[in-house]
Amino acid sequence: MRCACRVASHRAASPGMLVLLSGNGGPEAEPGPGPGQHRGKFPECCQPTEWSSASRNHRAGVLPCCCAVRNGALPQRCVVLRFLKFPPNKKKTSEEILQHLQNIVDFGKNVMKDFLGENYVHCGEVVQLPLEFVKQLCLKIQCERPESRCDKDLDTFSGYAMCLPNLTRLQTFHFAEHRPILCVEIKPKCGFIPFSNDVTHEMKHKVCRYCMHQHLKVATGKWKKISKYCPLDLYSGNKQRMHFALRSLLQETQNNLRIFKNGELIYGCGDARSPVADLKELAHHLKPFFFPSNGLASGPHCTKAVIRELVHVITRVLLSSSEKARAGALRLGLQGPRVCEASPFSRSLHNQGKNTSEHSGLPKGCLLYKTLQVQMLDQLDIEGLYPLYKRVEQYLEEFPEERKTLQIDGPYDEVFYQKLLDLSTEDDGTVAFALTKVQQYRVAMTAKDCSIMIALSPCLQGTSSDQRPVIPSSRSRLAFSVSVLDLDLKPYESIPHQYKLDSKIVNYYSKTVHAKDDTVRSTRFKEHEDCTLVLHKV
Ligand SMILES: O=P(O)(O)O[C@@H]1[C@@H](OP(=O)(O)O)[C@H](OP(=O)(O)O)[C@H](O)[C@H](OP(=O)(O)O)[C@H]1OP(=O)(O)O
Ligand SMILES: Nc1ncnc2c1ncn2[C@@H]1O[C@H](COP(=O)(O)OP(=O)(O)OP(=O)(O)O)[C@@H](O)[C@H]1O
């Protein structure tokens, strides 16, 4: 339990977001005036009473609402509101909140759009809401917020929020559609093993952070079971490994997989730990999308076939590149091992004496490739980064007024972006070098914690004119869109927490799991010795 408390105290130190989803439609945010101040006004017709909450369908901290407001004669448009959340003792002024939200939008526009691609990133805009509306909305949803997330209060004072498209919908089409829509949300986490020479724990060169962290998470009660999912399998580009990774996510979703149908959560964890359905129920939901007999067939074979189809479709979508997708601004070669020793898939191949390093590689235009590139901006690992963070800290202690010039809290503009492109790892002892590495690390950490939304919808018969990507499935062609969410730059202040957590994860894994493995190995060895002795005697 100790770790959970510490994580909670770290989390309490940084602001979070509270997300309100509009299910069937919502108000259009009018773009506001002025450069850098993309503020829209929320339409007055939008009444809080018209937002009906369905938070049981969402994970902790996410409170979806359905707003039935229509915007004049325009077709409905799905929007999502994100509000800042703060620990009760860390209230901010309206100006600070506006600035914070604007920074999030700017970071998306000036950094992440370039790194990940125009099509995948939806930055949204800052909107101003009537205070009465926000207060009533907050009252309405408060009782449905999961207890575990109530350490922070929703900002009801500033009236500012972020307005984003509802990414559980197809992003290739602007208005709400009436075809069924399936959306798979994946939080893939870090897809590479650190290659930095600053890494002191040998284990970190063999086992990925996600797989090691699983053991600590189960020990501290965050999750009940160790997942077989390994991010390196998903990021491998090898279809077999990707299928295994996706099947593992379906078996043990934790906070890494959620499935929505028409914007409503049908699979994955609704709150901290309880899944909303089992695989059989999921297959039932999926049949109209994937199974030819449209709900007539049943039984375990049907469940397996439908799930297999889902896994294949998601793999194809993840490997697809949008037409406009370029390779991205970063060119970081994948270094270090391509296989994590803890992945059950790799272990089983290894035990069968097969080559575990088979690696098809990801196509350069696909979102997984680009996300991995951004994650690899963490070139030094937290162990190499921490001393550089301390260098910046020391400088700031001496010259606190320099915090602004160093752009620690923004603005995340072109200058900030350009500095991120300096990939040299030659430390010249300057604060400038340390700062670049610190900022790159924060961006990398953001990419390690973001989620991918894949929306799928059956194409209408004979609608080949649709200007959108499609993927064939057993039942019909599926139009799809891929987006990234939760691209808020990780705070500078979280670096000491990262440093401590890293060592805690590795130490726990080394002491418990690896020690157990050693015991198993040495028992096997002893058995082998015993056997030899017996043979000797004979
Ligand atoms: O450190 P990690 O890898 O556990 O990631 C945290 C996530 O836990 P996870 O491992 O995905 O279960 C954690 O996820 P949950 O909120 O526990 O679902 C948060 O995303 C956290 O970010 P922040 O501090 O809220 O900005 C994440 O913290 P950051 O390290 O990204 O700041
Ligand atoms: N634009 C969007 N469209 C649809 N769903 C969204 C959107 N933004 C967020 N969500 C849903 O809300 C969830 C949480 O959003 P997000 O990760 O941005 O919040 P957070 O800042 O991490 O909040 P928390 O403090 O709860 O961790 C996502 O996992 C996703 O299911």
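The rules we used
Residues numbered from 1 in each chain as written. Chains lettered and ligands numbered in written order. Predicted model: local features only at pLDDT ≥ 70, side-chain atom pairs only at ≥ 80, totals over all residues. Heavy atoms only, no water. Helix = DSSP H or I, 4+ residues; strand = E, 2+ residues; numbered from the N terminus. Buried < 20%, exposed > 50% of the residue type's maximum accessible area, 1.4 Å probe, protein only. Contact = heavy atoms within 4.5 Å. Areas by Shrake-Rupley, 256 points an atom, 1.4 Å probe, with all protein chains shown as cover. Near = heavy atom within 4 Å. Polar contact = N/O pair within 3.5 Å; in protein donor to acceptor, adjacent residues only side chain to side chain. 1 Å grid on protein atoms, 1.4 Å probe; cavity = no way out; pocket = protein on both sides within 12 Å on 5 of 7 lines; lining within 4 Å. Points joined across faces, edges and corners; volume = space filled by probe spheres on them. Domains from an automatic or database assignment. Buried area = accessible area lost by both parts, 1.4 Å probe. Salt bridge = Lys/Arg side-chain N within 4 Å of Asp/Glu carboxyl O. Pairing = 2+ DSSP bridges. Phe/Tyr/Trp six-rings, centres within 6.5 Å; stacked < 30°, edge-to-face > 60°. Expected span 1.5 Å × (residues − 1).

### Digging into the overall build of the protein chain
Within the protein chain, the regular secondary structure consists of 14 helices and 14 strands. Counting the 538 residues in the protein chain, one finds 52% classified as buried. Within the protein chain, contacts between residues at least 6 apart in sequence are counted, and of these 77% link residues at least 24 apart. By element, 53% of the accessible surface of the protein chain is carried by carbon and sulfur atoms, the whole surface being about 24,900 Å².

### Some details on the site of ligand 1
The environment of ligand 1 is made up of 15 residues, and the closest members are Arg209, Lys217, Lys222, Asp449 and Gln498. One of the side-chain nitrogen or oxygen atoms of Arg209 is found 2.7 Å away from an oxygen atom of ligand 1. At a separation of 2.8 Å, an oxygen atom of ligand 1 approaches a polar side-chain atom of Asn255. Contact with the protein chains covers 84% of the free accessible surface of ligand 1, which is 600 Å². Of all elements in the fold, only α1 (2-13), α4 (209-219) and α14 (495-537) reach the threshold of two or more residues within the shell around ligand 1. Here the element with the most residues in the shell around ligand 1 is α4; it accounts for 3 residues.

### Comments concerning empty space enclosed by the protein
Following the criterion strictly, the structure yields 6 cavities of 30 Å³ or more and no others. Approximately 200 Å³ is the volume found for the largest cavity. When contributions to the lining of the largest cavity are tallied by element, the ones reaching two or more residues are α4, α11 (381-398), α13 (431-448) and α14. The biggest single contributor to the lining of the largest cavity is α14, with 4 residues.

### Some details on the domain arrangement of the protein chain
Annotation of the protein chain at the domain level lists domain 1 (16-24 + 43-166) and domain 2 (186-292 + 302-347 + 361-511). At the junction of the two partners, domain 1 supplies 23 residues and domain 2 supplies 43 residues. Both faces considered, domain 1 and domain 2 share a buried interface measuring about 2,700 Å² in area, 59% of it formed by carbon and sulfur atoms. When the buried area of domain 1 at its contact with domain 2 is split by residue, Phe107, Phe115 and Tyr120 rank highest and sum to 30% of it. Across the contact surface, domain 1 and domain 2 share 2 salt bridges. Residue Asp488 is joined to Arg82 by a salt bridge in which the shortest nitrogen-to-oxygen separation is 3.1 Å. Taken together, the connections running from domain 1 to domain 2 amount to 6 residue pairs in polar contact (both at pLDDT 80 or more).

### Quick word on the pairing of strand β8 (residues 160-165)
The buried count for β8 comes to 6 of 6 residues, which makes it a mostly enclosed element. With burial as the criterion, each face of β8 is covered, one bearing Tyr160, Met162 and Leu164 and the other bearing Ala161, Cys163 and Pro165. Pairing geometry for strand β5 (residues 79-86) and β8, over 4 bridges, is antiparallel. For Val80, the partnering residue across the bridge sits in β8 and is Leu164. Pairing between strand β6 (residues 125-128) and β8: 4 bridges, direction antiparallel. If you follow Gln128 over to β8, its bridge partner there is Tyr160.

### What about the packing of aromatic side chains?
Considering all chains together, one arrives at 11 aromatic pairs under this definition. Measuring from ring centre to ring centre gives 5.3 Å for Phe115 and Tyr417, while their planes differ by 50°; the resulting arrangement is tilted. One end of the pair, Phe115, is in helix α2 (residues 94-116); the other, Tyr417, is in helix α12 (residues 414-420), and 302 residues separate them in sequence. Considered together, Phe115 and Tyr417 belong to a single accessibility category, that of buried residues. A connected cluster of aromatic rings, assembled from ring pairs, spans Tyr386, Tyr389, Tyr492 and Tyr499.

### Topic: α13
Taking 1.5 Å of rise per residue, the 18 residues of α13 would be expected to cover 26 Å, and the 25 Å separating its terminal C-alpha atoms lies within 8% of that figure. Burial within α13 is extensive, with 16 of its 18 residues counted as buried.

### A word on the pattern of salt bridges
By the definition in use, this model includes 16 salt bridges. Measuring nitrogen to oxygen at the nearest pair gives 2.7 Å for the salt bridge that ties Glu383 to Lys204. Of this pair, Glu383 sits in helix α11 while Lys204 sits in the loop between β9 (182-186) and α4, and the two are 179 residues apart along the sequence. We note a salt bridge from Asp233 to Arg241, for which the minimum N-O separation is 2.8 Å. Of the two residues examined, Asp233 and Arg241, each falls in the buried class. Residues joined by salt bridges that share partners form a network here, namely Lys187, Lys189, Asp449 and Lys490.

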